[in-house]
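Each chain, written out:
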Amino acid sequence: MKCTRALRRIQAYFDGELPPGESTALEEHLRGCPSCSGELERLRDLSSLVKGLRAPSVNPELWDNYSAGVLRKARAAPGRRIPVRERAGSLRLLHPRLAYAAAAIFLVFIVAMMYHFNVVRRPAAGDAAPLTAQQRPIVERFEAGDLASSVMAFAPENDPVAIVWVFGCRIENGQDSGEGTIL
Amino acid sequence: MSASDRELIEACREGRDAPFEELVDRYKMKAYSLAYFLVGNAADALDISQEAFIKIYRNLHRFRGKSGFGTWLHRITYNLCMDFLRLRKRRASLSYRDEIGKPGEEPAIESSGKSNPLKGLVKKETREMVRGAIDRLPAKLKSVLVLREIEDLSYGEIAGIVGCSTGTVMSRLHHARKRLGKILKTVVKGQHL
(Lines give C-alpha, C1' and ligand atoms only; values in the text may rest on other atoms or scores of the structure.)
Protein backbone atom coordinates (compact mmCIF):
# COMPACT_ATOMS: atom_id res chain seq x y z
CA MET A 1 0.00 0.00 0.00
CA LYS A 2 1.27 3.45 -0.93
CA CYS A 3 1.29 6.38 1.50
CA THR A 4 -1.32 8.37 -0.44
CA ARG A 5 -3.74 5.44 -0.23
CA ALA A 6 -2.89 4.79 3.40
CA LEU A 7 -3.45 8.42 4.38
CA ARG A 8 -6.91 8.33 2.85
CA ARG A 9 -7.80 5.39 5.06
CA ILE A 10 -6.19 6.35 8.34
CA GLN A 11 -9.13 8.34 9.67
CA ALA A 12 -11.67 5.58 8.94
CA TYR A 13 -9.26 3.05 10.49
CA PHE A 14 -8.86 5.18 13.60
CA ASP A 15 -12.64 5.55 13.90
CA GLY A 16 -13.15 1.80 13.46
CA GLU A 17 -15.00 2.25 10.18
CA LEU A 18 -12.56 0.52 7.84
CA PRO A 19 -13.47 -3.00 6.65
CA PRO A 20 -11.30 -5.71 8.29
CA GLY A 21 -9.50 -6.65 5.05
CA GLU A 22 -8.37 -3.09 4.43
CA SER A 23 -7.44 -2.64 8.07
CA THR A 24 -4.93 -5.51 7.88
CA ALA A 25 -3.28 -4.04 4.79
CA LEU A 26 -3.11 -0.61 6.40
CA GLU A 27 -1.63 -1.97 9.64
CA GLU A 28 1.08 -3.64 7.59
CA HIS A 29 1.89 -0.33 5.94
CA LEU A 30 1.87 1.56 9.22
CA ARG A 31 4.46 -0.81 10.72
CA GLY A 32 6.98 0.22 8.12
CA CYS A 33 6.04 3.88 7.58
CA PRO A 34 6.91 6.39 10.32
CA SER A 35 5.22 9.22 8.43
CA CYS A 36 1.82 7.50 8.23
CA SER A 37 2.05 6.09 11.76
CA GLY A 38 2.83 9.66 12.88
CA GLU A 39 -0.43 10.76 11.27
CA LEU A 40 -2.28 8.09 13.21
CA GLU A 41 -0.58 9.27 16.39
CA ARG A 42 -1.70 12.83 15.64
CA LEU A 43 -5.29 11.68 15.35
CA ARG A 44 -5.03 9.83 18.66
CA ASP A 45 -3.63 12.84 20.48
CA LEU A 46 -6.29 15.17 19.12
CA SER A 47 -9.04 12.70 19.89
CA SER A 48 -7.85 12.21 23.47
CA LEU A 49 -8.07 15.96 24.03
CA VAL A 50 -11.64 16.18 22.69
CA LYS A 51 -12.97 12.94 24.15
CA GLY A 52 -12.06 14.06 27.64
CA LEU A 53 -14.40 17.03 27.49
CA ARG A 54 -17.65 17.00 29.41
CA ALA A 55 -20.46 19.51 29.50
CA PRO A 56 -20.52 21.38 32.82
CA SER A 57 -22.68 19.68 35.40
CA VAL A 58 -26.06 21.18 36.02
CA ASN A 59 -27.33 22.24 39.40
CA PRO A 60 -29.05 19.09 40.83
CA GLU A 61 -32.17 21.11 41.61
CA LEU A 62 -32.50 22.01 37.94
CA TRP A 63 -32.12 18.36 36.96
CA ASP A 64 -34.73 17.28 39.48
CA ASN A 65 -37.33 19.59 37.98
CA TYR A 66 -36.22 19.01 34.42
CA SER A 67 -38.70 16.35 33.25
CA ALA A 68 -41.59 17.97 35.13
CA GLY A 69 -40.70 21.22 33.39
CA VAL A 70 -40.72 19.51 30.00
CA LEU A 71 -44.19 18.08 30.62
CA ARG A 72 -45.54 21.35 31.96
CA LYS A 73 -44.31 23.28 28.91
CA ALA A 74 -45.51 20.61 26.49
CA ARG A 75 -48.99 20.71 28.00
CA ALA A 76 -49.14 24.49 28.23
CA ALA A 77 -48.12 25.26 24.67
CA PRO A 78 -50.50 24.74 21.77
CA GLY A 79 -50.42 21.51 19.82
CA ARG A 80 -50.75 19.19 22.78
CA ARG A 81 -50.11 15.59 21.88
CA ILE A 82 -53.26 13.58 21.44
CA PRO A 83 -52.88 9.93 22.37
CA VAL A 84 -52.97 7.69 19.34
CA ARG A 85 -56.07 5.77 20.43
CA GLU A 86 -57.98 8.96 20.98
CA ARG A 87 -56.91 10.28 17.62
CA ALA A 88 -57.81 7.08 15.79
CA GLY A 89 -61.41 7.48 16.88
CA SER A 90 -61.56 11.16 16.11
CA LEU A 91 -63.50 12.66 13.24
CA ARG A 92 -61.40 11.78 10.26
CA LEU A 93 -64.71 12.13 8.38
CA LEU A 94 -64.17 15.83 8.46
CA HIS A 95 -62.44 15.71 5.17
CA PRO A 96 -63.13 18.97 3.34
CA ARG A 97 -65.02 17.31 0.45
CA LEU A 98 -67.28 15.45 2.82
CA ALA A 99 -67.88 18.62 4.77
CA TYR A 100 -68.93 20.46 1.61
CA ALA A 101 -71.28 17.61 0.63
CA ALA A 102 -72.85 17.66 4.09
CA ALA A 103 -73.31 21.44 3.86
CA ALA A 104 -74.98 21.10 0.43
CA ILE A 105 -77.39 18.42 1.70
CA PHE A 106 -78.24 20.59 4.69
CA LEU A 107 -78.94 23.53 2.39
CA VAL A 108 -81.24 21.44 0.18
CA PHE A 109 -83.07 20.25 3.29
CA ILE A 110 -83.58 23.82 4.51
CA VAL A 111 -84.93 24.95 1.13
CA ALA A 112 -87.25 21.94 0.93
CA MET A 113 -88.60 22.82 4.35
CA MET A 114 -89.14 26.40 3.22
CA TYR A 115 -91.19 25.16 0.29
CA HIS A 116 -93.09 22.76 2.48
CA PHE A 117 -94.13 25.45 4.96
CA ASN A 118 -94.89 27.96 2.19
CA VAL A 119 -92.12 30.30 3.15
CA VAL A 120 -91.20 30.50 -0.51
CA ARG A 121 -93.74 32.04 -2.81
CA ARG A 122 -95.14 29.55 -5.26
CA PRO A 123 -97.25 30.64 -8.25
CA ALA A 124 -100.90 29.97 -7.34
CA ALA A 125 -103.59 28.98 -9.86
CA GLY A 126 -105.58 32.17 -9.35
CA ASP A 127 -102.53 34.32 -9.46
CA ALA A 128 -102.88 34.92 -13.17
CA ALA A 129 -102.81 38.71 -13.25
CA PRO A 130 -99.88 39.82 -15.39
CA LEU A 131 -96.99 41.14 -13.42
CA THR A 132 -95.11 44.26 -14.22
CA ALA A 133 -91.49 43.93 -15.22
CA GLN A 134 -90.40 44.84 -11.68
CA GLN A 135 -92.85 42.42 -10.08
CA ARG A 136 -92.00 39.52 -12.33
CA PRO A 137 -90.36 36.68 -10.45
CA ILE A 138 -86.88 35.84 -11.46
CA VAL A 139 -87.55 32.12 -11.74
CA GLU A 140 -90.54 31.40 -13.89
CA ARG A 141 -89.79 27.95 -15.13
CA PHE A 142 -87.06 25.45 -14.74
CA GLU A 143 -86.65 22.11 -16.37
CA ALA A 144 -83.87 19.89 -15.28
CA GLY A 145 -82.72 17.56 -18.03
CA ASP A 146 -80.67 15.43 -15.75
CA LEU A 147 -80.99 14.33 -12.17
CA ALA A 148 -77.81 16.05 -11.11
CA SER A 149 -79.25 19.48 -11.83
CA SER A 150 -81.34 21.41 -9.37
CA VAL A 151 -82.56 24.91 -8.69
CA MET A 152 -83.61 26.59 -5.50
CA ALA A 153 -85.30 29.94 -5.14
CA PHE A 154 -86.25 32.12 -2.25
CA ALA A 155 -88.59 35.08 -2.78
CA PRO A 156 -90.27 36.45 0.33
CA GLU A 157 -93.77 37.86 0.15
CA ASN A 158 -94.00 41.58 -0.72
CA ASP A 159 -90.31 41.75 -1.35
CA PRO A 160 -88.89 42.41 -4.79
CA VAL A 161 -85.67 40.60 -3.91
CA ALA A 162 -85.32 36.90 -4.73
CA ILE A 163 -82.38 34.58 -4.24
CA VAL A 164 -81.89 31.79 -6.75
CA TRP A 165 -79.41 28.90 -6.49
CA VAL A 166 -78.73 26.87 -9.57
CA PHE A 167 -76.60 23.72 -9.42
CA GLY A 168 -75.26 21.55 -12.19
CA CYS A 169 -77.09 22.87 -15.25
CA ARG A 170 -76.17 24.81 -18.33
CA ILE A 171 -77.90 28.14 -18.56
CA GLU A 172 -78.90 29.41 -21.93
CA ASN A 173 -81.15 32.41 -21.62
CA GLY A 174 -84.43 31.82 -23.38
CA GLN A 175 -83.18 28.70 -25.13
CA ASP A 176 -84.13 25.21 -24.05
CA SER A 177 -80.84 23.43 -23.87
CA GLY A 178 -82.45 20.10 -23.10
CA GLU A 179 -80.63 20.05 -19.79
CA GLY A 180 -82.21 22.97 -18.07
CA THR A 181 -83.53 26.36 -18.96
CA ILE A 182 -84.10 29.43 -16.92
CA LEU A 183 -86.48 31.96 -18.37
CA MET B 1 -35.99 -4.84 35.17
CA SER B 2 -36.38 -1.47 33.47
CA ALA B 3 -38.57 -1.11 30.42
CA SER B 4 -37.03 -0.67 26.99
CA ASP B 5 -37.31 2.62 25.13
CA ARG B 6 -39.84 1.06 22.79
CA GLU B 7 -42.04 -0.10 25.68
CA LEU B 8 -41.90 3.36 27.22
CA ILE B 9 -42.84 4.99 23.91
CA GLU B 10 -45.80 2.64 23.52
CA ALA B 11 -46.95 3.55 27.03
CA CYS B 12 -46.60 7.27 26.21
CA ARG B 13 -48.74 6.79 23.13
CA GLU B 14 -51.54 5.58 25.33
CA GLY B 15 -51.54 9.00 26.93
CA ARG B 16 -49.52 8.25 30.06
CA ASP B 17 -46.97 10.80 31.21
CA ALA B 18 -44.90 8.80 33.73
CA PRO B 19 -43.15 6.71 31.02
CA PHE B 20 -42.29 9.89 29.18
CA GLU B 21 -40.67 11.29 32.31
CA GLU B 22 -38.60 8.13 32.50
CA LEU B 23 -37.47 8.59 28.90
CA VAL B 24 -36.52 12.17 29.66
CA ASP B 25 -34.52 11.12 32.71
CA ARG B 26 -32.75 8.49 30.63
CA TYR B 27 -31.70 10.82 27.83
CA LYS B 28 -31.60 14.34 29.27
CA MET B 29 -27.83 14.31 29.77
CA LYS B 30 -27.22 13.22 26.17
CA ALA B 31 -29.43 15.98 24.77
CA TYR B 32 -27.92 18.59 27.07
CA SER B 33 -24.35 17.53 26.30
CA LEU B 34 -24.83 17.64 22.53
CA ALA B 35 -26.56 21.02 22.73
CA TYR B 36 -23.83 22.37 25.01
CA PHE B 37 -21.01 21.53 22.63
CA LEU B 38 -22.92 22.82 19.63
CA VAL B 39 -24.15 26.14 21.02
CA GLY B 40 -21.36 26.77 23.51
CA ASN B 41 -23.15 27.64 26.72
CA ALA B 42 -25.01 25.74 29.40
CA ALA B 43 -28.09 27.94 29.80
CA ASP B 44 -28.99 27.77 26.10
CA ALA B 45 -28.12 24.08 26.01
CA LEU B 46 -30.60 23.37 28.81
CA ASP B 47 -33.34 25.32 27.04
CA ILE B 48 -32.65 23.61 23.72
CA SER B 49 -32.59 20.13 25.25
CA GLN B 50 -35.95 20.80 26.94
CA GLU B 51 -37.36 22.06 23.66
CA ALA B 52 -36.19 18.86 21.98
CA PHE B 53 -38.11 16.76 24.50
CA ILE B 54 -41.21 18.93 24.08
CA LYS B 55 -41.01 18.35 20.32
CA ILE B 56 -40.69 14.64 20.90
CA TYR B 57 -43.65 14.64 23.29
CA ARG B 58 -45.84 16.23 20.64
CA ASN B 59 -44.61 13.97 17.86
CA LEU B 60 -44.44 10.60 19.54
CA HIS B 61 -47.14 9.29 17.19
CA ARG B 62 -44.77 9.94 14.27
CA PHE B 63 -41.97 7.82 15.68
CA ARG B 64 -41.70 4.78 13.43
CA GLY B 65 -38.83 3.12 15.27
CA LYS B 66 -36.58 2.77 12.21
CA SER B 67 -33.79 4.30 14.25
CA GLY B 68 -33.38 4.28 18.01
CA PHE B 69 -34.95 6.83 20.31
CA GLY B 70 -31.48 8.22 21.07
CA THR B 71 -30.77 8.85 17.38
CA TRP B 72 -34.14 10.55 16.99
CA LEU B 73 -33.43 12.76 19.99
CA HIS B 74 -29.97 13.60 18.64
CA ARG B 75 -31.47 14.58 15.29
CA ILE B 76 -34.07 16.88 16.85
CA THR B 77 -31.51 18.42 19.22
CA TYR B 78 -29.07 18.92 16.35
CA ASN B 79 -31.73 20.66 14.23
CA LEU B 80 -32.74 22.94 17.09
CA CYS B 81 -29.09 23.83 17.70
CA MET B 82 -28.57 24.66 14.03
CA ASP B 83 -31.67 26.89 14.10
CA PHE B 84 -30.37 28.54 17.25
CA LEU B 85 -26.92 29.13 15.74
CA ARG B 86 -28.43 30.57 12.57
CA LEU B 87 -30.54 32.95 14.62
CA ARG B 88 -27.58 33.92 16.77
CA LYS B 89 -25.45 34.53 13.71
CA ARG B 90 -28.17 36.71 12.26
CA ARG B 91 -28.35 38.69 15.45
CA ALA B 92 -24.56 38.88 15.39
CA SER B 93 -24.42 38.35 19.10
CA LEU B 94 -21.24 37.02 20.55
CA SER B 95 -21.03 33.57 22.03
CA TYR B 96 -20.73 33.66 25.74
CA ARG B 97 -20.20 31.09 28.35
CA ASP B 98 -22.49 31.03 31.33
CA GLU B 99 -21.80 28.04 33.44
CA ILE B 100 -24.72 26.80 35.47
CA GLY B 101 -23.73 25.45 38.84
CA LYS B 102 -20.24 24.24 39.50
CA PRO B 103 -17.96 23.00 36.73
CA GLY B 104 -18.33 19.36 35.79
CA GLU B 105 -16.10 16.73 37.21
CA GLU B 106 -14.19 16.16 34.08
CA PRO B 107 -11.95 13.15 33.83
CA ALA B 108 -8.28 13.65 33.31
CA ILE B 109 -7.30 13.80 29.68
CA GLU B 110 -4.57 11.39 28.81
CA SER B 111 -2.48 11.43 25.72
CA SER B 112 -1.31 8.24 24.14
CA GLY B 113 1.96 9.58 22.70
CA LYS B 114 5.04 8.10 24.35
CA SER B 115 7.08 11.22 23.85
CA ASN B 116 4.17 13.41 24.78
CA PRO B 117 5.01 16.04 27.39
CA LEU B 118 1.33 16.35 28.29
CA LYS B 119 1.07 12.72 29.25
CA GLY B 120 -1.12 12.36 32.31
CA LEU B 121 -3.18 15.19 33.67
CA VAL B 122 -4.02 18.08 31.47
CA LYS B 123 -4.94 21.19 33.34
CA LYS B 124 -8.40 22.68 33.41
CA GLU B 125 -7.16 25.63 31.38
CA THR B 126 -6.20 23.28 28.58
CA ARG B 127 -9.67 21.77 28.53
CA GLU B 128 -11.15 25.22 28.36
CA MET B 129 -8.86 26.01 25.46
CA VAL B 130 -9.89 22.85 23.62
CA ARG B 131 -13.53 23.71 24.23
CA GLY B 132 -12.92 27.22 22.94
CA ALA B 133 -11.13 25.85 19.88
CA ILE B 134 -14.09 23.58 19.08
CA ASP B 135 -16.37 26.58 19.43
CA ARG B 136 -14.38 28.39 16.77
CA LEU B 137 -15.08 25.71 14.19
CA PRO B 138 -17.84 26.28 11.63
CA ALA B 139 -21.12 24.68 12.76
CA LYS B 140 -21.05 21.91 10.13
CA LEU B 141 -17.55 20.80 11.09
CA LYS B 142 -18.14 21.21 14.81
CA SER B 143 -21.28 19.08 14.75
CA VAL B 144 -19.68 16.03 13.12
CA LEU B 145 -16.68 16.30 15.42
CA VAL B 146 -18.85 16.47 18.54
CA LEU B 147 -21.11 13.63 17.37
CA ARG B 148 -18.08 11.45 16.64
CA GLU B 149 -15.70 12.27 19.46
CA ILE B 150 -17.99 13.15 22.34
CA GLU B 151 -21.21 11.33 21.52
CA ASP B 152 -19.22 8.40 20.09
CA LEU B 153 -21.56 7.81 17.13
CA SER B 154 -20.73 5.91 13.95
CA TYR B 155 -20.43 7.58 10.54
CA GLY B 156 -23.81 6.11 9.56
CA GLU B 157 -25.54 7.46 12.66
CA ILE B 158 -23.97 10.89 12.18
CA ALA B 159 -25.06 10.92 8.53
CA GLY B 160 -28.63 10.16 9.64
CA ILE B 161 -28.63 12.97 12.19
CA VAL B 162 -26.95 15.62 10.08
CA GLY B 163 -28.77 14.61 6.90
CA CYS B 164 -25.86 13.89 4.56
CA SER B 165 -23.92 10.92 3.17
CA THR B 166 -21.27 9.02 5.12
CA GLY B 167 -18.72 10.31 2.59
CA THR B 168 -19.63 13.88 3.55
CA VAL B 169 -19.34 12.95 7.22
CA MET B 170 -15.82 11.62 6.62
CA SER B 171 -14.82 14.70 4.69
CA ARG B 172 -16.21 17.10 7.31
CA LEU B 173 -14.60 15.13 10.10
CA HIS B 174 -11.25 15.25 8.31
CA HIS B 175 -11.46 19.02 7.89
CA ALA B 176 -12.71 19.52 11.44
CA ARG B 177 -9.76 17.59 12.88
CA LYS B 178 -7.31 19.38 10.65
CA ARG B 179 -8.60 22.82 11.63
CA LEU B 180 -8.84 21.94 15.28
CA GLY B 181 -5.27 20.64 15.19
CA LYS B 182 -4.12 23.95 13.68
CA ILE B 183 -5.90 26.00 16.32
CA LEU B 184 -4.63 23.84 19.16
CA LYS B 185 -1.07 23.75 17.89
CA THR B 186 -0.63 27.28 19.06
CA VAL B 187 -2.33 26.56 22.38
CA VAL B 188 -1.11 23.16 23.49
CA LYS B 189 2.61 23.37 22.98
CA GLY B 190 4.48 20.12 22.69
CA GLN B 191 1.40 18.15 21.69
CA HIS B 192 1.76 16.21 18.46
CA LEU B 193 -1.24 17.74 16.68
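The preceding data block contains the structure.
Within each chain, residues carry numbers counting from 1 in the order of the written sequence. Both sets of labels track the order of writing: A upward for chains, 1 upward for ligands. Owing to the predicted nature of the model, reporting of local features is limited to residues with pLDDT of at least 70; listing and counting of side-chain atom pairs is limited to 80 or more, with chain, interface and lining totals taken over all residues.

Colleague: Honestly, helix H5 (residues 66-76) of chain A in this entry has me stumped. Any pointers?
Modeller: Owing to its 3.6 residues per turn, the α-helix brings residues three or four apart onto one side. Turning to H5(A), its buried residues number three or more, namely A:Tyr66, A:Ser67, A:Val70 and A:Ala74. The buried residues of H5(A) occupy an angular sector of 100° when the element is viewed end-on, so they sit on one face. In H5(A), the exposed positions that point more than 90 degrees away from the buried face belong to A:Ala68, A:Arg72, A:Arg75 and A:Ala76. In this structure, the buried side of H5(A) is in contact with helix H4 (60-64) of chain A together with helix H2 (18-39) and helix H3 (42-58) of chain B. Neighbour density around each residue's C-beta defines its exposure: 20 or more other C-beta atoms within 10 Å make it buried, 12 or fewer make it exposed, and counts between make it partly exposed, where C-beta atoms are placed from the backbone. Numbered from the N terminus, helices here are DSSP runs of H or I no shorter than four residues, and strands are runs of E no shorter than two. Taken from the helix axis, the directions to the C-beta atoms give the arc we talk about. A residue pair is marked as a contact if its C-beta atoms, positioned from the backbone, fall within 7 Å.

Colleague: I tried to follow the packing of helix H1 (residues 3-14) of chain A against helix H2 (residues 20-32) of chain A on my own but got confused; where do I start?
Modeller: Packed helix pairs are specified by the crossing angle of their axes together with the interaxial distance, meaning the distance between the axes. Residue and element names in this part refer to chain A. Relative to each other, H1 and H2 sit at 115°, their axes nearing to 10 Å. Relative to H2, H1 is oriented so that their crossing is left-handed. Contacts between H1 and H2 involve Ala6, Arg9 and Tyr13 from the former and Glu22, Ser23, Leu26 and His29 from the latter. In this classification, the charged set is Asp, Glu, Lys and Arg, the nonpolar set is Ala, Val, Leu, Ile, Met, Phe, Trp, Tyr, Cys and Pro, and all remaining amino acids, among them Gly, are polar. Of the residues in the contact of H1 with H2, the class split is three nonpolar, two polar and two charged. For helices, the fitted axis covers only the stretch in contact; all axes are lines through C-alpha atoms, and the angles between them, taken along N-to-C directions, range from 0 to 180 degrees. Crossings are assigned a handedness: left-handed for a near helix turned anticlockwise from the far helix by less than a right angle, right-handed for a clockwise turn.

Colleague: It is not clear to me how helix H6 (residues 139-150) of chain B should be interpreted in this structure. Could you clarify?
Modeller: All names here are of chain B. Given a rise of 1.5 Å per residue, twelve residues ought to cover 16 Å, and the 15 Å separating the end C-alpha atoms of H6 matches this to within 8%. Most of H6 sits inside the fold, with nine of its twelve residues counted as buried. Looking at H6, one finds that the buried residues are Leu141, Lys142, Ser143, Val144, Leu145, Val146, Leu147, Arg148 and Glu149. Taken from the residues just after H6, Asp152 is the one with a positive phi, measuring 60°. The span expected for a helix works out to 1.5 Å for each residue beyond the first.

By themselves these figures say nothing about function.
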